[in-house]
Amino acid sequence: QTSFYAAVGRDAFADLALSNLTAEGVDVSGVRRDAHAQTACACVCVSPTTGENMIVVGNGANETARATQIHGGCTTCKMLVMQSEVPLEENERAAMHARSLAQEVQTLWNAAPAPTPQTPVATLTSLLLLSDHLVVNEHEAVALYNLVLRNRVHDAPPPESWANDVLERAGDDAAPENGAPPRLAIAELYSQLAVNGQAEFAAFSLARRFGCIVCVTLGSGGASVYTPAVRNRTEGFHRDCYEAARPAPAPKRMHADPPNVGRNAIVDTVGAGDAFVGAYAAALSLGTRGSDALRIAVCAGTRACLARGAQASPTREDLLPHLDKVRVIVDTKLAEACAETL
(Lines give C-alpha, C1' and ligand atoms only; values in the text may rest on other atoms or scores of the structure.)
Protein backbone atom coordinates (compact mmCIF):
# COMPACT_ATOMS: atom_id res chain seq x y z
CA GLN A 1 0.00 0.00 0.00
CA THR A 2 1.31 3.44 -0.98
CA SER A 3 0.14 6.54 0.88
CA PHE A 4 0.51 10.01 -0.61
CA TYR A 5 0.93 13.18 1.44
CA ALA A 6 0.78 16.69 -0.04
CA ALA A 7 -1.53 19.69 -0.16
CA VAL A 8 -4.05 20.66 -2.83
CA GLY A 9 -6.60 23.40 -3.30
CA ARG A 10 -10.35 23.03 -3.55
CA ASP A 11 -10.50 23.14 -7.34
CA ALA A 12 -10.96 20.94 -10.39
CA PHE A 13 -7.25 20.17 -10.68
CA ALA A 14 -7.32 18.71 -7.16
CA ASP A 15 -10.29 16.49 -7.96
CA LEU A 16 -8.59 15.21 -11.11
CA ALA A 17 -5.24 14.53 -9.43
CA LEU A 18 -6.73 12.77 -6.41
CA SER A 19 -9.10 10.66 -8.50
CA ASN A 20 -6.19 9.49 -10.69
CA LEU A 21 -4.19 8.47 -7.61
CA THR A 22 -7.17 6.71 -6.06
CA ALA A 23 -7.75 4.78 -9.28
CA GLU A 24 -4.15 3.50 -9.02
CA GLY A 25 -4.81 2.23 -5.48
CA VAL A 26 -2.97 5.03 -3.66
CA ASP A 27 -4.22 6.11 -0.23
CA VAL A 28 -4.79 9.89 -0.37
CA SER A 29 -6.44 10.31 3.03
CA GLY A 30 -3.36 12.20 4.24
CA VAL A 31 -3.63 14.92 1.57
CA ARG A 32 -4.79 18.24 3.03
CA ARG A 33 -7.07 20.56 1.07
CA ASP A 34 -6.48 24.30 1.40
CA ALA A 35 -9.34 26.57 0.42
CA HIS A 36 -6.95 29.53 0.16
CA ALA A 37 -4.44 27.98 -2.28
CA GLN A 38 -4.52 26.55 -5.76
CA THR A 39 -3.46 23.01 -6.65
CA ALA A 40 0.05 22.82 -8.09
CA CYS A 41 0.22 22.69 -11.86
CA ALA A 42 2.89 22.57 -14.54
CA CYS A 43 3.43 23.70 -18.11
CA VAL A 44 5.08 20.84 -20.01
CA CYS A 45 6.81 21.10 -23.39
CA VAL A 46 7.88 17.86 -25.11
CA SER A 47 10.11 17.63 -28.19
CA PRO A 48 8.24 15.78 -30.97
CA THR A 49 11.50 14.28 -32.26
CA THR A 50 13.38 13.20 -29.09
CA GLY A 51 10.72 13.07 -26.37
CA GLU A 52 12.90 15.28 -24.14
CA ASN A 53 10.97 17.73 -21.98
CA MET A 54 11.04 21.16 -20.36
CA ILE A 55 8.74 21.81 -17.41
CA VAL A 56 7.76 24.95 -15.51
CA VAL A 57 6.06 24.16 -12.19
CA GLY A 58 3.87 26.29 -9.97
CA ASN A 59 4.00 24.70 -6.49
CA GLY A 60 0.75 26.29 -5.35
CA ALA A 61 -0.79 24.52 -2.36
CA ASN A 62 2.22 22.25 -1.94
CA GLU A 63 3.95 25.17 -0.23
CA THR A 64 1.51 24.61 2.65
CA ALA A 65 2.23 20.87 3.07
CA ARG A 66 3.41 20.02 6.59
CA ALA A 67 5.39 17.10 8.04
CA THR A 68 2.77 16.52 10.70
CA GLN A 69 0.53 15.05 7.99
CA ILE A 70 2.64 11.87 7.88
CA HIS A 71 2.72 11.17 11.63
CA GLY A 72 -0.14 8.69 11.61
CA GLY A 73 0.81 6.75 8.49
CA CYS A 74 4.56 6.71 9.11
CA THR A 75 4.22 4.42 12.12
CA THR A 76 3.63 1.41 9.88
CA CYS A 77 5.58 2.32 6.73
CA LYS A 78 8.85 0.81 5.52
CA MET A 79 9.99 3.67 3.26
CA LEU A 80 9.52 7.44 3.42
CA VAL A 81 10.02 9.10 0.03
CA MET A 82 10.53 12.86 0.00
CA GLN A 83 10.52 15.23 -2.96
CA SER A 84 11.46 18.89 -3.18
CA GLU A 85 8.24 20.44 -4.44
CA VAL A 86 7.17 20.80 -0.82
CA PRO A 87 9.16 23.01 1.60
CA LEU A 88 12.56 21.47 2.36
CA GLU A 89 12.17 22.28 6.03
CA GLU A 90 9.08 20.05 6.11
CA ASN A 91 11.01 17.25 4.41
CA GLU A 92 13.65 17.65 7.10
CA ARG A 93 11.04 17.41 9.87
CA ALA A 94 9.44 14.38 8.20
CA ALA A 95 12.79 12.59 7.99
CA MET A 96 13.55 13.39 11.62
CA HIS A 97 10.17 11.94 12.62
CA ALA A 98 10.84 8.76 10.60
CA ARG A 99 14.21 8.38 12.32
CA SER A 100 12.61 8.77 15.75
CA LEU A 101 10.31 5.77 15.31
CA ALA A 102 11.06 2.45 16.94
CA GLN A 103 10.79 0.45 13.72
CA GLU A 104 13.24 0.79 10.85
CA VAL A 105 11.91 3.28 8.30
CA GLN A 106 14.18 3.87 5.32
CA THR A 107 14.33 7.45 4.07
CA LEU A 108 14.75 8.38 0.41
CA TRP A 109 15.13 11.97 -0.78
CA ASN A 110 14.55 12.74 -4.44
CA ALA A 111 16.18 16.18 -4.63
CA ALA A 112 14.03 17.42 -7.50
CA PRO A 113 13.70 20.15 -8.58
CA ALA A 114 17.39 20.99 -8.22
CA PRO A 115 18.32 23.31 -5.34
CA THR A 116 19.14 26.93 -6.16
CA PRO A 117 21.77 29.26 -4.69
CA GLN A 118 19.01 30.63 -2.43
CA THR A 119 18.35 27.20 -0.84
CA PRO A 120 19.61 27.12 2.79
CA VAL A 121 22.78 25.01 2.86
CA ALA A 122 22.12 23.95 6.47
CA THR A 123 18.78 22.38 5.48
CA LEU A 124 20.35 20.58 2.50
CA THR A 125 23.12 19.24 4.73
CA SER A 126 20.64 18.03 7.34
CA LEU A 127 18.51 16.27 4.72
CA LEU A 128 21.56 14.51 3.30
CA LEU A 129 22.50 13.25 6.75
CA LEU A 130 18.93 12.11 7.42
CA SER A 131 18.58 10.26 4.10
CA ASP A 132 19.44 6.60 3.62
CA HIS A 133 19.05 7.06 -0.14
CA LEU A 134 19.48 10.09 -2.39
CA VAL A 135 18.15 9.99 -5.97
CA VAL A 136 19.15 12.80 -8.34
CA ASN A 137 19.61 13.43 -12.04
CA GLU A 138 22.82 14.85 -13.51
CA HIS A 139 21.92 18.50 -12.95
CA GLU A 140 20.62 17.95 -9.41
CA ALA A 141 23.74 15.99 -8.41
CA VAL A 142 26.08 18.76 -9.55
CA ALA A 143 23.91 21.49 -8.02
CA LEU A 144 23.92 19.73 -4.63
CA TYR A 145 27.67 19.15 -4.80
CA ASN A 146 28.37 22.79 -5.64
CA LEU A 147 26.10 24.17 -2.92
CA VAL A 148 26.84 21.78 -0.06
CA LEU A 149 30.42 20.64 -0.56
CA ARG A 150 31.84 23.68 -2.33
CA ASN A 151 29.39 26.18 -0.88
CA ARG A 152 29.57 28.23 -4.04
CA VAL A 153 28.17 27.86 -7.53
CA HIS A 154 30.56 26.65 -10.21
CA ASP A 155 31.24 23.43 -12.03
CA ALA A 156 32.71 20.32 -10.46
CA PRO A 157 36.20 19.29 -11.69
CA PRO A 158 36.24 18.17 -15.32
CA PRO A 159 35.86 14.41 -15.76
CA GLU A 160 39.26 14.11 -17.40
CA SER A 161 41.09 15.33 -14.29
CA TRP A 162 39.26 12.88 -12.06
CA ALA A 163 39.81 9.93 -14.41
CA ASN A 164 43.49 10.85 -14.76
CA ASP A 165 43.86 10.94 -10.99
CA VAL A 166 42.36 7.45 -10.75
CA LEU A 167 44.68 6.25 -13.52
CA GLU A 168 47.73 7.59 -11.67
CA ARG A 169 46.69 5.84 -8.47
CA ALA A 170 46.14 2.58 -10.32
CA GLY A 171 49.57 2.72 -11.95
CA ASP A 172 50.78 1.05 -15.13
CA ASP A 173 51.29 -2.31 -13.46
CA ALA A 174 48.17 -2.35 -11.32
CA ALA A 175 46.69 -5.77 -10.75
CA PRO A 176 43.56 -6.92 -8.89
CA GLU A 177 45.57 -8.84 -6.28
CA ASN A 178 47.22 -5.72 -4.85
CA GLY A 179 43.89 -4.02 -4.26
CA ALA A 180 44.03 -1.69 -7.27
CA PRO A 181 41.68 -2.10 -10.21
CA PRO A 182 42.99 -3.33 -13.57
CA ARG A 183 43.59 -0.64 -16.17
CA LEU A 184 40.88 -2.13 -18.41
CA ALA A 185 38.27 -1.35 -15.77
CA ILE A 186 39.71 2.14 -15.34
CA ALA A 187 39.51 2.65 -19.10
CA GLU A 188 35.82 1.68 -18.98
CA LEU A 189 35.24 4.22 -16.22
CA TYR A 190 37.13 6.85 -18.23
CA SER A 191 34.86 6.29 -21.24
CA GLN A 192 31.78 6.68 -19.02
CA LEU A 193 33.19 9.82 -17.42
CA ALA A 194 33.53 11.42 -20.84
CA VAL A 195 29.72 11.66 -20.83
CA ASN A 196 28.66 11.53 -17.17
CA GLY A 197 31.79 12.78 -15.41
CA GLN A 198 30.53 15.73 -13.39
CA ALA A 199 27.38 13.95 -12.28
CA GLU A 200 29.20 10.78 -11.21
CA PHE A 201 31.93 12.77 -9.46
CA ALA A 202 29.26 14.71 -7.56
CA ALA A 203 27.37 11.53 -6.64
CA PHE A 204 30.53 9.76 -5.42
CA SER A 205 31.51 12.83 -3.37
CA LEU A 206 28.07 13.22 -1.74
CA ALA A 207 27.86 9.53 -0.87
CA ARG A 208 31.32 9.48 0.70
CA ARG A 209 30.83 12.68 2.68
CA PHE A 210 27.28 12.10 3.94
CA GLY A 211 27.16 8.31 4.15
CA CYS A 212 24.02 7.83 2.07
CA ILE A 213 23.51 5.61 -0.96
CA VAL A 214 23.43 7.93 -3.96
CA CYS A 215 21.65 7.01 -7.18
CA VAL A 216 22.21 9.33 -10.14
CA THR A 217 19.94 8.93 -13.14
CA LEU A 218 21.63 9.60 -16.48
CA GLY A 219 18.77 9.76 -18.96
CA SER A 220 19.47 7.54 -21.95
CA GLY A 221 22.72 6.53 -20.19
CA GLY A 222 20.87 4.57 -17.50
CA ALA A 223 21.75 5.08 -13.85
CA SER A 224 24.64 4.62 -11.42
CA VAL A 225 24.51 3.89 -7.69
CA TYR A 226 27.34 4.54 -5.27
CA THR A 227 27.29 2.85 -1.86
CA PRO A 228 29.83 4.42 0.54
CA ALA A 229 32.10 2.47 2.83
CA VAL A 230 30.55 4.05 5.95
CA ARG A 231 26.81 4.65 6.25
CA ASN A 232 25.15 7.51 8.14
CA ARG A 233 22.86 5.40 10.34
CA THR A 234 23.77 3.65 13.58
CA GLU A 235 21.07 2.00 15.68
CA GLY A 236 18.39 4.18 14.09
CA PHE A 237 20.13 7.53 14.47
CA HIS A 238 22.09 9.52 11.88
CA ARG A 239 25.70 10.44 12.54
CA ASP A 240 28.68 11.92 10.78
CA CYS A 241 29.83 9.39 8.23
CA TYR A 242 33.44 9.64 9.38
CA GLU A 243 32.64 8.16 12.80
CA ALA A 244 33.01 4.49 11.91
CA ALA A 245 31.31 2.34 14.55
CA ARG A 246 32.50 -0.96 13.05
CA PRO A 247 34.89 -2.13 10.32
CA ALA A 248 33.63 -0.54 7.13
CA PRO A 249 32.80 -2.62 4.07
CA ALA A 250 34.28 -1.67 0.74
CA PRO A 251 32.53 1.09 -1.23
CA LYS A 252 30.54 -0.20 -4.16
CA ARG A 253 29.54 1.22 -7.52
CA MET A 254 26.74 -0.18 -9.68
CA HIS A 255 25.76 0.91 -13.16
CA ALA A 256 22.80 -0.13 -15.31
CA ASP A 257 22.16 0.75 -18.94
CA PRO A 258 18.51 0.96 -20.00
CA PRO A 259 16.96 -1.79 -22.10
CA ASN A 260 17.29 -1.19 -25.82
CA VAL A 261 13.78 -0.33 -26.95
CA GLY A 262 14.85 1.66 -30.02
CA ARG A 263 15.25 5.41 -30.21
CA ASN A 264 12.03 5.82 -32.21
CA ALA A 265 10.07 4.16 -29.39
CA ILE A 266 10.79 7.04 -26.98
CA VAL A 267 7.88 9.48 -27.30
CA ASP A 268 7.66 11.33 -23.97
CA THR A 269 10.20 11.51 -21.12
CA VAL A 270 7.83 13.35 -18.75
CA GLY A 271 7.46 11.31 -15.57
CA ALA A 272 10.38 8.98 -16.31
CA GLY A 273 12.29 10.15 -13.23
CA ASP A 274 9.21 9.81 -11.03
CA ALA A 275 8.57 6.28 -12.34
CA PHE A 276 12.22 5.44 -11.61
CA VAL A 277 12.03 6.75 -8.04
CA GLY A 278 8.73 5.01 -7.31
CA ALA A 279 9.91 1.64 -8.60
CA TYR A 280 13.29 1.98 -6.84
CA ALA A 281 11.68 2.87 -3.50
CA ALA A 282 9.06 0.12 -3.79
CA ALA A 283 11.68 -2.52 -4.59
CA LEU A 284 13.94 -1.45 -1.72
CA SER A 285 11.03 -1.36 0.74
CA LEU A 286 10.30 -5.00 -0.11
CA GLY A 287 13.87 -6.00 0.75
CA THR A 288 15.05 -6.34 -2.86
CA ARG A 289 18.83 -6.29 -3.16
CA GLY A 290 20.30 -3.09 -4.54
CA SER A 291 21.33 -4.37 -7.97
CA ASP A 292 17.86 -5.79 -8.65
CA ALA A 293 16.19 -2.62 -7.37
CA LEU A 294 18.34 -0.64 -9.80
CA ARG A 295 17.39 -2.98 -12.65
CA ILE A 296 13.67 -2.61 -11.86
CA ALA A 297 13.92 1.18 -11.58
CA VAL A 298 15.76 1.56 -14.90
CA CYS A 299 13.09 -0.57 -16.58
CA ALA A 300 10.32 1.52 -15.03
CA GLY A 301 11.91 4.78 -16.15
CA THR A 302 12.32 3.43 -19.68
CA ARG A 303 8.79 2.05 -19.81
CA ALA A 304 7.41 5.46 -18.81
CA CYS A 305 8.96 6.97 -21.96
CA LEU A 306 7.06 4.69 -24.33
CA ALA A 307 3.67 6.40 -23.93
CA ARG A 308 2.52 10.00 -23.84
CA GLY A 309 1.60 11.60 -20.54
CA ALA A 310 2.70 10.96 -16.98
CA GLN A 311 -0.45 9.78 -15.24
CA ALA A 312 -0.37 6.01 -15.82
CA SER A 313 2.35 4.16 -13.88
CA PRO A 314 4.15 1.10 -15.31
CA THR A 315 2.92 -2.10 -13.67
CA ARG A 316 4.92 -5.17 -12.68
CA GLU A 317 3.59 -6.89 -15.81
CA ASP A 318 4.81 -3.99 -17.97
CA LEU A 319 8.35 -4.39 -16.62
CA LEU A 320 8.80 -8.16 -16.79
CA PRO A 321 9.62 -8.33 -20.54
CA HIS A 322 12.43 -5.79 -20.09
CA LEU A 323 14.14 -6.94 -16.88
CA ASP A 324 16.43 -9.51 -18.47
CA LYS A 325 17.60 -6.90 -20.99
CA VAL A 326 19.23 -4.75 -18.30
CA ARG A 327 22.84 -5.50 -17.40
CA VAL A 328 23.95 -4.29 -13.96
CA ILE A 329 27.70 -4.00 -13.38
CA VAL A 330 28.77 -4.16 -9.72
CA ASP A 331 32.34 -3.13 -8.93
CA THR A 332 34.07 -2.66 -5.57
CA LYS A 333 37.71 -2.32 -6.68
CA LEU A 334 36.85 0.48 -9.08
CA ALA A 335 34.81 2.27 -6.42
CA GLU A 336 37.70 2.04 -3.95
CA ALA A 337 40.07 3.65 -6.45
CA CYS A 338 37.52 6.38 -7.20
CA ALA A 339 36.90 7.02 -3.50
CA GLU A 340 40.61 7.53 -2.87
CA THR A 341 40.62 10.46 -5.30
CA LEU A 342 37.78 12.37 -3.63
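What counts as what
Residues numbered from 1 in each chain as written. Predicted model: local features only at pLDDT ≥ 70, side-chain atom pairs only at ≥ 80, totals over all residues. Heavy atoms only, no water. Helix = DSSP H or I, 4+ residues; strand = E, 2+ residues; numbered from the N terminus. Buried < 20%, exposed > 50% of the residue type's maximum accessible area, 1.4 Å probe, protein only. Contact = heavy atoms within 4.5 Å. Areas by Shrake-Rupley, 256 points an atom, 1.4 Å probe, with all protein chains shown as cover. Pairing = 2+ DSSP bridges. Axes fitted to C-alpha atoms, helices over the stretch in contact; angles between N-to-C directions.

### Description of the overall build of the protein
A count of helices and strands for the protein gives 10 helices and 13 strands. Looking at the protein residue by residue over its 342 residues, the buried ones come to 47%. Contacts in the protein between residues far apart in sequence, at least 24 positions, make up 71% of those at least 6 positions apart. Summed over its atoms, the accessible surface of the protein is roughly 16700 Å², and 53% of this surface lies on carbon and sulfur atoms.

### What about the sheet that holds strand E13 (residues 328–331)?
Taking strand neighbours across the sheet as the criterion, the seven strands line up as E5-E6-E7-E8-E9-E12-E13 in an open arrangement whose pairing is mixed. Looking at strand neighbours, the two that pair on one side only are strand E5 (79–83) and E13, the edges of this open sheet. On average, each strand axis in the sheet is inclined to that of its neighbour by 15°, with strand direction left out of account. Bridging between strand E6 (residues 106–110) and strand E7 (residues 133–137) involves three bridges; their strand directions are parallel. Directly across from Asn110, in E7, lies its bridge partner Val135. Against the sheet, helix H2 (residues 88–100) contacts E5 and E6, and its axis sits at roughly 170° relative to E5. Each of E5, E6 and E7 is contacted by helix H3 (residues 121–130), which is oriented at about 140° to E6, the strand it contacts most.

### What about unusual backbone geometry?
If a residue is not glycine, its phi is most likely negative; likewise, a peptide bond is most likely trans. Geometrically, the link from Ala112 to Pro113 is a cis peptide bond, its omega value of 0° lying close to zero. Examined against the element boundaries, Pro113 turns out to sit in the loop between E6 and H3.

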